[in-house]
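# Per-entry structural report
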Amino acid sequence: MAKGAIVVGAGPVGLMLAGELRLGGVDVVVYDKLPAPSGESRGLGFTSRTAEVLDQRGLLTELGDFRWGQHGHFGGVRIDFTLLEESHFGVMGLPQSRTEQLLGDWVARLGVPVHRGCEVTGFEETDDGVLVRYDGPEGPSEDSARYLIGCDGGRSTVRRLAGIAFTGDAATRGMYLADVTGAGIRPRPIGERVEGGGMVLSVGLGDGYDRIVIHEPGIRPHHGEGTLTFTEVADAWQRLTGESIHHGQTRWMTALTNATGLAERYRSGRVLLAGDAAHDHAPLGAQGVSVGLQDAVNLGWKLAATINGWAPEGLLDTYHAERHPLGEQLLRNVHAQSLLYLSGQEMEPLRAVMRELVQIPDAARYLAGQVSGLHIRYDVGAGEHPLLGLRLPPQRELVRAGGTAVRVADLLHGARGVLISTGDPATAEKTAAGWSDRVDVVTGTWSEDGGPEAVLLRPDGHVVWTAPDGGEPHDALTRWFGTATT
Ligand SMILES: Cc1cc2nc3c(=O)[nH]c(=O)nc-3n(C[C@H](O)[C@H](O)[C@H](O)COP(=O)(O)OP(=O)(O)OC[C@H]3O[C@@H](n4cnc5c(N)ncnc54)[C@H](O)[C@@H]3O)c2cc1C
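In every chain, residue numbers begin from 1 and rise along the written sequence. At least 70 in pLDDT is required for a residue's local features to be given in this predicted model, at least 80 for side-chain atom pairs to be given and counted, and no such filter applies to totals for whole chains, interfaces and linings, which use all residues. To obtain the side-chain values, all non-hydrogen atoms of the structure were used and water was disregarded.

Here we take up the overall build of the chain. Across its full length, the chain carries 12 helices and 28 strands. Put simply, the radius of gyration uses C-alpha atoms, and a globule should come to 2.2 Å times the residue count raised to 0.38. For the chain, the C-alpha radius of gyration of 23 Å lies close to 23 Å, the compact-globule estimate for 486 residues. For the C-alpha atoms alone, the extent of the chain along its principal axes is close to 75 × 60 × 35 Å. Classification of residues uses two cut-offs on accessible area relative to the type maximum, computed with a 1.4 Å probe and protein chains only: under 20% is buried, over 50% is exposed, and between them is partly exposed. Looking at the 486 residues of the chain, the share that counts as buried comes to 55%. Using a 1.4 Å probe, accessible areas were evaluated by the Shrake-Rupley method; residue-level cover was limited to the displayed protein chains. With an accessible surface of roughly 20600 Å², the chain has 51% of that area assigned to carbon and sulfur atoms. A positive count includes Lys and Arg, and a negative count includes Asp and Glu. His and the chain ends are not counted in either. Every charge is mapped to an atom, namely NZ of Lys, CZ of Arg, CG of Asp or CD of Glu. A distance of 2 Å separates the average location of the 43 positive side-chain charges in the chain from that of its 61 negative side-chain charges. Helix and strand assignments come from DSSP, with helices taken as H or I runs of at least 4 residues and strands as E runs of at least 2, each series counted from the N terminus.

Within the secondary structure, Arg49 sits in helix H2 (residues 48-56). Relative accessible area serves as the criterion here: at 3%, Arg49 is assigned to the buried category. Whenever a nitrogen or oxygen atom comes within 3.5 Å of another N or O atom, the pair is scored as a polar contact, on the condition that within protein one atom can donate a hydrogen and the other can accept it, and that pairs from neighbouring residues in sequence are kept only if both atoms are in side chains. Separated by 3.2 Å, the side chains of Arg49 and Gln56 make a polar contact. Not counting the four nearest positions on each side in its chain, Arg49 is found in contact with Gln56, Gln294, Ser372, Gly373, Leu374, Arg391, Pro394, Asp460, Gly461 and His462. Any two residues having at least one pair of non-hydrogen atoms within 4.5 Å are treated as being in contact.

Moving on, we get to the pairing of strand E28 (residues 463-467). When you tally the buried positions in E28, you get five out of five residues, the bulk of the element. Paired strands are those between which DSSP finds at least two bridges. As paired elements, strand E27 (residues 454-457) and E28 share four bridges and run antiparallel to each other. Directly across from Val455, in E28, lies its bridge partner Thr466. What sits between the antiparallel neighbours E27 and E28 is a turn of five residues, in which Gly461 has the positive phi angle 90 degrees.

Attention shifts here to the layout of surface pockets. Whether a set of points on the 1 Å grid over the protein atoms alone is a cavity depends on a 1.4 Å probe fitting there but being unable to get out, while an open set qualifies as a pocket with protein on both sides within 12 Å along at least five of seven lines; lining residues are those with an atom within 4 Å of a point. Grid points are joined across faces, edges and corners, and a volume is the space filled by probe spheres set on the points. Approximately 360 Å³ is the volume found for the second largest pocket. If you trace the second largest pocket, you find 14 residues lining it, with Glu86, Arg365, Leu374, Leu390 and Arg391 closest to the centre. A per-class count over the lining of the second largest pocket returns six nonpolar, three polar and five charged. Note on residue categories: nonpolar means Ala, Val, Leu, Ile, Met, Phe, Trp, Tyr, Cys or Pro, charged means Asp, Glu, Lys or Arg, and polar means any other residue, Gly included.

As a general point, the strands of a sheet are linked pairwise by backbone hydrogen bonds and lie either parallel or antiparallel. With mixed pairing, the four strands of this open sheet are ordered in space as E25-E24-E27-E28. Sheet topology places strand E25 (439-443) and E28 at the edges, where each strand pairs with a single neighbour. The average undirected angle you get between the axes of adjacent strands in this sheet is 15 degrees. Where helices are involved, their axes are fitted lines through C-alpha atoms of the stretch in contact, as for all axes, and angles between N-to-C directions lie from 0 to 180°.

We now examine the pairing of E27. Two faces make up the sheet, and in a regular strand the side chains alternate between them. Where burial is concerned, the two faces of E27 agree: the one with Ala454 and Leu456 and the one with Val455 and Leu457 are both buried. Here strand E24 (residues 417-421) pairs with E27 via four bridges, running antiparallel. Looking at the pairing, Leu419 lines up with Leu456 of E27.

This part covers empty space enclosed by the protein. Following the criterion strictly, the structure yields two cavities of 30 Å³ or more and no others. Taken as a whole, the largest cavity spans an internal volume of roughly 180 Å³. Every residue lining the largest cavity is counted, 19 residues in all, and those nearest its centre are Gln287, Val291, Leu330, Gln370 and His375. Elements supplying a minimum of two residues to the lining of the largest cavity: helix H6 (288-308), helix H7 (317-342) and helix H9 (361-372). Taken together, the residues of the lining of the largest cavity break down into seven nonpolar, 11 polar and one charged. Considering only enclosed or pocket space, the second largest cavity measures out at about 50 Å³ in volume. Along the walls of the second largest cavity sit Arg49, Val53, Gln294, Val297, Asn298, Arg323, Tyr378, Asp460 and His462, which together make up its complete lining. Considering every element that reaches the lining of the second largest cavity, the biggest residue donor is H6, with three residues. For the lining of the second largest cavity, the residue count by class is three nonpolar, three polar and three charged.

Attention shifts here to a nonpolar patch on the surface. Here, patches come from residues exposed beyond 30% relative accessible area and free of salt bridges, joined within 9 Å for like charges and within 5 Å for nonpolar side chains (Val, Leu, Ile, Met, Phe, Trp, Tyr). Salt bridges are defined by distance alone: a side-chain nitrogen of Lys or Arg within 4 Å of a carboxyl oxygen of Asp or Glu. Taken together, Leu350, Val353, Leu357 and Ile360 make up a surface patch of nonpolar side chains, about 330 Å² in accessible area. Looking at where Val353 falls in the secondary structure, it is placed in helix H8 (residues 348-357). A residue is classified by how much of its surface remains accessible, and Val353, at 41% relative accessible area, is partly exposed.

Turning our eyes to something else, we now look at the packing of aromatic side chains. In summary, the pairing rule links any two rings of Phe, Tyr or Trp, Trp by its six-membered ring, whose centres are within 6.5 Å, and it sorts them by plane angle into stacked for under 30 degrees, edge-to-face for over 60 and tilted for everything else. For the structure shown, the criterion picks out six aromatic pairs. Between the aromatic rings of Tyr266 and Tyr319, the centroid separation amounts to 5.7 Å while the plane-to-plane angle is 45 degrees, which identifies the pairing as tilted. Highlighted residues: Tyr266 in the loop between strand E18 (261-263) and strand E19 (267-268) and Tyr319 in helix H7, separated in sequence by 53 residues. Judged by its relative accessible area of 0%, Tyr266 falls in the buried class. Residue classification places Tyr319 among the buried positions, given a relative accessible area of 0%.

On to the pattern of salt bridges. All chains considered together, the criterion is met by 28 salt bridges. Asp179 is paired through a salt bridge with Arg251; the nearest N and O atoms lie 3.9 Å apart. A residue pair is termed long-range when its members are at least 10 positions apart, and Asp179 in strand E13 (residues 174-181) and Arg251 in strand E17 (residues 249-257) qualify at 72 residues. For Arg251, a relative accessible area of 43% puts it in the partly exposed group. Notably, a salt bridge pairs Arg323 with Asp295, separated by 2.8 Å at the nearest N-O pair. A residue pair is termed long-range when its members are at least 10 positions apart, and Arg323 in helix H7 and Asp295 in helix H6 qualify at 28 residues. Take Arg323: its relative accessible area is 2%, and that puts it in the buried class. Here the salt bridges do not stand alone but share partners, grouping Arg49, Glu52, Glu86 and Arg391 into one network.

Here it is as structure tokens:
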């Protein structure tokens, strides 16, 4: 029997997805064209919701030392996150290579094979699966699985071969990014605008290096490494700040553009896309890793359910239905942020309006939620409860019989559904008995007031049913977890 899934790309998203599928009991394999992890650290942390998602799998504590962000902003317009009820601060200054190492160690523990030095070059759909061709260390070879997932980055081969259109805005602005040491650069963590439309940003990386990003109206949009010299970067920095960093050294630099792209469909038959393969944008909002990891956590259990044969009708298609609008929103927000960040004096009236708006708690909460990912609410059907479709805050505690407190995050480590009930344990067990192979039942009392009487969580931590106002629990269990076993 063919394996369940082939994931193309061992970047953060491919690794996260492979781990999710494995937790769902799927035989999965990952192929990556690079012979070893690149060690590059494009991303420098992740959003608050992504930290929660890693916490839900027990991975956050394995990161070792990391620091939370200190500054809230939307396109450089400061938002005072400390005034909001819950923390919207994400993890800052954490090299992407460490996130990838964490996920790589996790999938290794779960027993997922990651074949490196294998470039996927073609595939064809068969009646019951996908035949994938790749060039590996021993030459051309093939593998097959029931589903193929392209997590192969912004220039995705899988997307191209699947014929999925990728549309967006062409590049109109150029930026430089460099990791610099020995130049005594002062921190500018949310960026500083410079008269005439320039912007400079600098964040300490904690290892003696500073990440700098430079936008100067004269910088032509061009891609990639290799063509840029440190002198060009240092000259631009000096023109904008008056400071010379020419005596510093760099270990990595690259030129960026503000081009964007969004896959028209996240699924085409047995082929799916996640991460940068599905949505690609300039790193101004620092969201690429985060949105991609959340794609993976949305998709993993649904695809596992489909492969395992218990997925209710249409479950897999909710991946596109739920995540594609968020991809659109991401690109729109990055565009809006880049206009605020990178435009000149002509944008000042709008920035002033934004500064006033973020004094209004609801507006601040709305924008903070867009930046942190805590705003994500999926359409999970009718119902009145304010939590419906949102994530249940994973730090909430349930006190179990015997007095042990357990966090919601800890209940989700196995990537299974969870029915939490504050009522009679025997009744709760009986309610979900037909789904006991897919849904865990946990009973107790909330350690703080205000928790729902009962709540059904999907494996990604989103609320799909609450009591007493959510109707029959069987309907929600069937809608999300399929037919009950007898
Ligand atoms: C300069 C820069 C700075 C950034 N800063 C941030 C930031 O601060 N915060 C943030 O969240 N994001 C940032 N990003 C974006 C972030 O790096 C990406 O969103 C993230 O890496 C996407 O992960 P992914 O797994 O989808 O794709 P990738 O990380 O691109 O991984 C794709 C993998 O697929 C493999 N692959 C490609 N084609 C094939 C093939 N045909 N066969 C087999 N393997 C293949 C590649 O080798 C690679 O390992 C930045 C990006 C850039 C360029």
